[in-house]
Amino acid sequence: MNLVKPSSEALVVGWLALFFAAGLQGSAGAQEPAWLGERSDRAELALPTVNAKLPSPAEFLGYRLGERFTRSHEVRAYFEKLAAVSPRLELFEYGHSYEDRPLLLAAISSPENLARLAAIRDRQQLLANEPAGIEDEERQALVEEQPAILWLGYGVHGDESSSPEAALATAYLLAGGQGEVEGWLDETVVLIDPVSNPDGRERYIGDFEQQRGRLASSWRSSAEHRQRWPGGRFNHYLIDLNRDWSWATQIETRHRIAAYRQWEPVVHVDLHEMDEESSYFFPPSAAPLNPFIDQRVEYWLDIFGRGNAQAFDDLGWLYFKAEDFDLFYPGYGDSYPSLRGAVGMTYEMAGGGSAGTRVVLSDGSTLTLADRVARHLVTSLATLETTATKRLRLVSDFVASRLENQREKSPRTYLWEAGWAEAEALARLLSLHGIAVERLGRRSDLEVRPTTSAVPRKHRFQSGAYAVSSAQPLGDLARTLLETNTSMPSRFLLEQRQRLEQNLETEFYDITAWALPLAFQVPVWSSDQPVPDLKAYAPGANGFDEAIELPAARGAIEGAGRVGYLVPWGGLAGYRAAARLQSAGVRYRLALTGFQIEKQPYGPGSLFVPRTGNPENLDELIRDIAHSTGLTIERVGTSFSTYGISLGSDKAQRVRPVRIGLLGGRGIQATSFGALWHLLDRVVEAPVTRLPMSGLRDQDLAGLDVVVLPDGRFGNGEGPLGDAASGALERWLRSGGLLIAVGRSLDWLQHRELTDLAWREEESKPVPSTPGAAVSTLLNGNSPLTAGLTAAPAVLIQGSRLVKPLEDRHGNLLRVAESDPVVAGMMWQEAREAVAGTLLVGSERVDRGRLVYFAQDPAFRVFWRSTMPILLNAALHGPSWGVDRLP
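Residues numbered from 1 in each chain as written. Predicted model: local features only at pLDDT ≥ 70, side-chain atom pairs only at ≥ 80, totals over all residues. Heavy atoms only, no water.

Let's talk about the overall build of the chain
Using the following cut-off: Only runs of H or I of at least four residues qualify as helices and only runs of E of at least two qualify as strands under DSSP, and these elements are numbered from the N terminus. Within these notes, the globule rule equals 2.2 Å times the number of residues to the 0.38 power, and the radius of gyration is based on C-alpha atoms. Only protein chains enter the calculation, and the probe is 1.4 Å; a residue is then buried if its accessible area is under 20% of its type maximum, exposed if over 50%, and partly exposed in between. Contacts: residue pairs with any heavy atoms within 4.5 Å of one another. To measure how exposed things are, a 1.4 Å probe is used in the Shrake-Rupley method; for residues, cover is taken only from the protein chains shown. Neither His nor the chain ends contribute to the count of charged residues, in which Lys and Arg are positive and Asp and Glu negative. Charged groups are reduced to one reference atom each: NZ for lysine, CZ for arginine, CG for aspartic acid, CD for glutamic acid.
In terms of helices and strands, the chain carries 26 helices and 38 strands. By the compact-globule yardstick of 29 Å for 887 residues, the chain fits well, its C-alpha radius of gyration being 28 Å. Oriented by its inertia axes, the alpha-carbon framework of the chain measures out at about 90 × 65 × 60 Å. Looking at the chain residue by residue over its 887 residues, the buried ones come to 61%. Within the chain, residue pairs in contact and separated by at least 24 positions form 78% of the contacts whose partners lie at least 6 positions apart. For the chain, the exposed surface amounts to about 32,600 Å²; the carbon and sulfur share of it is 47%. Looking at the chain, you have 90 positive and 111 negative side-chain charges, and the mean spots of the two groups are 5 Å apart.

Considerations on the layout of surface pockets
The condition is simple: Here a cavity is any set of points on a 1 Å grid over the protein atoms alone where a 1.4 Å probe fits but cannot get out, and a pocket is any open set with protein on both sides within 12 Å along at least 5 of 7 lines; a residue lines the site when it has an atom within 4 Å of a point. Grid points are joined across faces, edges and corners, and a volume is the space filled by probe spheres set on the points. Charged residues are taken to be Asp, Glu, Lys and Arg, nonpolar residues to be Ala, Val, Leu, Ile, Met, Phe, Trp, Tyr, Cys and Pro, and polar residues to be all remaining types, Gly included.
By volume, the second largest pocket is sized at about 880 Å³. Taken together, 35 residues line the second largest pocket, and the ones lying closest to its centre are Gly419, Trp420, Ala421, Trp569 and Gly570. Broken down by secondary-structure element, the contributors of at least two residues to the lining of the second largest pocket are helix H15 (423–432), strand S23 (600–602) and strand S25 (632–636). Broken down by element, the residue count for the lining of the second largest pocket peaks at three residues, all from S23. Here the residues of the lining of the second largest pocket are counted per class, giving 17 nonpolar, twelve polar and six charged.

Some thoughts on the pattern of salt bridges
Note the threshold: Note on definitions: salt bridges are taken to be side-chain nitrogens of Lys or Arg within 4 Å of carboxyl oxygens of Asp or Glu.
Summed over all chains, the structure comprises 58 salt bridges. Arginine 220 is the partner of glutamate 277 in a salt bridge, and the nearest nitrogen-oxygen pair spans 2.9 Å. One end of the pair, glutamate 277, is in the loop between strand S5 (267–275) and strand S6 (280–281); the other, arginine 220, is in the loop between helix H9 (198–211) and helix H10 (251–263), with 57 residues separating them in the sequence. Take glutamate 277: its relative accessible area is 33%, and that puts it in the partly exposed class. Classification of arginine 220 as partly exposed rests on a relative accessible area of 32%. Here the residues in one salt-bridge network are Glu160, Arg233, Asp240, Arg243, Asp510 and Arg861, joined through shared partners.

Let's talk about the packing of helix H8 (residues 180–187) against helix H13 (residues 369–389)
What describes two packed helices is the angle between their axes and the distance between those same axes. Filter applied, for reference: Convention adopted: a line fitted to C-alpha atoms gives each axis, helices being fitted over their contacting stretch, and angles between N-to-C directions are expressed from 0 to 180 degrees. With respect to orientation, any angle under 35 degrees is reported as roughly parallel, any angle over 145 as roughly antiparallel, any angle of 65 to 115 as roughly perpendicular, and every other angle as oblique. Left-handed describes a crossing whose near helix is turned anticlockwise from the far helix through less than a right angle; right-handed describes the clockwise counterpart.
Two numbers describe how H8 lies on H13: the axes approach to 9 Å, and their chain directions differ by 55°. Accordingly, the angle class assigned to the pair H8 and H13 is oblique. Judged by the twist between their axes, the crossing of H8 over H13 is left-handed. Along its contact with H8, which presents Trp184, Leu185 and Glu187, the element H13 presents Leu381, Leu384, Glu385 and Ala388.

Some remarks on the side chain of aspartate 294
The criterion, for reference: Two N or O atoms form a polar contact when they lie within 3.5 Å of each other; inside protein one atom must be a possible hydrogen donor and the other a possible acceptor, and for residues adjacent in sequence the pair counts only when both atoms belong to side chains.
Tracing the backbone through its elements, the reader meets aspartate 294 in the loop between strand S7 (286–289) and helix H11 (295–315). Classification of aspartate 294 as buried rests on a relative accessible area of 13%. A polar contact of 2.8 Å, which involves the side chain of aspartate 294, links it to the backbone nitrogen of arginine 296. For aspartate 294, the contacting residues outside a window of four places in its chain are Ser401, Glu404 and Asp476.

Here we look at the sheet that holds strand S32 (residues 770–775)
Consider a sheet: its strands pair through backbone hydrogen bonds, and that pairing is either parallel or antiparallel. Cut-off, in case you're wondering: The rule for pairing is simple: two strands pair if DSSP sees at least two bridges between them.
Read from one edge to the other, the open sheet built from three strands follows the order S34-S32-S36, with strand pairing classed as antiparallel. Sheet topology places strand S34 (795–799) and strand S36 (822–824) at the edges, where each strand pairs with a single neighbour. Adjacent strand axes in the sheet meet at a mean angle of 50°, parallel and antiparallel pairs treated alike. Of the strand pairs in this sheet, S32 and S36 are connected by two bridges, and their pairing is antiparallel. Its bridge partner lying in S36, valine 775 is registered against valine 822.

A few points about the environment of leucine 65
The residue leucine 65 is located in the loop between helix H2 (57–61) and helix H3 (72–85) in this model. Counting along the chain gives 309 residues from leucine 65 to alanine 374, while the straight-line C-alpha distance between them is 9.4 Å. Apart from the residues within four sequence positions on either side, leucine 65 is in contact with Trp35, Leu36, Gly37, Pro57, Thr70, Glu165, Leu168, Ala169 and Ala370.

Remember, this is a structural readout, not a statement about activity or role.
See the structure below:
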């Protein structure tokens, strides 16, 4: 291998300057690329020559890049062509999207590196996951030989359309480029993920092409510059994949994490777009930086930023840094890799979903798709240049970060009992990321602290309790996911306070609380002392499959008896069991209070499936449900209880199958709709009918038992939900329907006089907005809607609009705690005072119908599970209780 070992950052910048001054501006044999479409700037973008045996994107596609959008299947076809003719490119398929489109990963390197690609990948696994198990001299020898693995991700937001086009250009130049390119590929393995979100991209392109005429319009008032709901940003289920890395709720994310773990890149870049009036962003990132990210990453952000800046300066292109885009929230395509020890970066080009193929800006200039493609191409090449020239130190720093975590001198162990409903789901999610999870081999008394307290105390953990130590290569990631609070720099908070006092918008880019123990409602303890007798936990063969939302498929049927089956409340797994019983036409009862049968206690929310009156193949159906949900289901031979209700009690409510409708369309927040849709359709597998906002009629609602109204703005009779549709929904509700409403839908409910709920009136000074903090709550445990919840859940709060409690206290199902409610995240003192005691979940009777209202999204990003049980109790079981049985 021809190693390049520059002695300083100056040499890197100098090399970049030479390349972009010569290679991009007229080096020998270089010419303005005929395969790139019309650009509005005057920079002479002359790229290195490419082997003539490789077809350019224009030759293969029949148009120049930037003249039109390239469909996902066309992107795949071009990469397949390059793989067939270039000895530098090998193409992998690492999964499929929900709409069954392939997810691709191209590995590009020198032919010599590709010939030993499996060995390179195995060595990277060893360096990343077992660095402490290698002798120092051997580890250093491996580092010196190892190419730097660079992952370039394009198109995670489907309507940020230029980056997949740039992926085509980048792959073409790397697969056949001559001169400098060959030297770079000796030092690196470049992974190109050309279309990370193919479903969203196809939705965007389809809508754009339906709206445009024979010629593209550059005027922003044209329909092609205005996406129709829900837009192309999100995946099939309208989930933002760039905020899903840590939670892995979506199939694309799970496949991507599996592929990521196979390669463990040392540099990861996510290429995006932003407002068309902006310029270009690359790191250094804005404040704040997640404190669990290794400080080496911050150093490298500056180095890569300077390399990109040099390339842009030579071409006269504008850019900015250290603004807007931070590295705090752990679910991004830059922060998540950084928490794994890689250099994670976001690049943002002006454009976004409204730019089309060309758009006139406010100053009269024109921004074309080719302009956007060219800039993403240049940063892709500049990033590769920096990675190649700084290969040795990049690999060394990556390994050093993993090694320091594994050898942590004062490790912390996080522990949680196996008996909690989502306990194994939490363990499986951490395992999916590659975080080592263990289990206690015996009952142990340990000195520990609750994650919400600094005071240690003794706690007896049962055998089988889960344990995660921070002394492992991914210790930084484990800490940021399991710690309750992630601190922000005091200087940043002071600056935001000053902006608040000046009536300026604060710069919190995303939520500031995400602790999985709170989100999963699993109490987690921590110990700074060694924990004895730990055994490895293996989630099984399903570690990367779609069942990540649920415990591993290890359920069983136990006990004896012919009366029926008892299904314990098991969190999301229990609701999937209920939905499957309904879909199979199985009659069952829902226990509204606790009881004990044959020495086995059961809590509220447990299901009783009698043998009498059910299908002959009931045993087979129950066996399938147990195996697919991971629940242990008990056979029982009596309805007589040792204590509590008997199985024939009226408090073991008969349940009838429900039909659920989900309202979608213009005015509704797409991500709120998407999270609810994914929860019901994929996690619980309850049949859901998607209802249109526009033109909703009485016959559309006929036969539905439940309608879910996501967060959104619906207007007051003249908006997206007009008078006719509003009237139909109101008649359905008043005649006996159960309406689940979320967030700003309260405005519509108030306008139609369907609720006594009201926003909390603002005092002399408005309540400052909360960027996403978790609060403790007060739970009404006497309601059937809260069955299964044994403790008040933590709830994630965003925004500044707060809801007053109902005068009828029985309808206040969940409220914010009255005193010091914030348990995680950032909330201004004024907001802390205002939020105390306000309503989070309420229930009201509306004539013969019932309204269940959530002030905050009960399925936020599909990962905040704590309020999902209330939602699912209402959706799956609420209609069976009748309006008079609910509070």
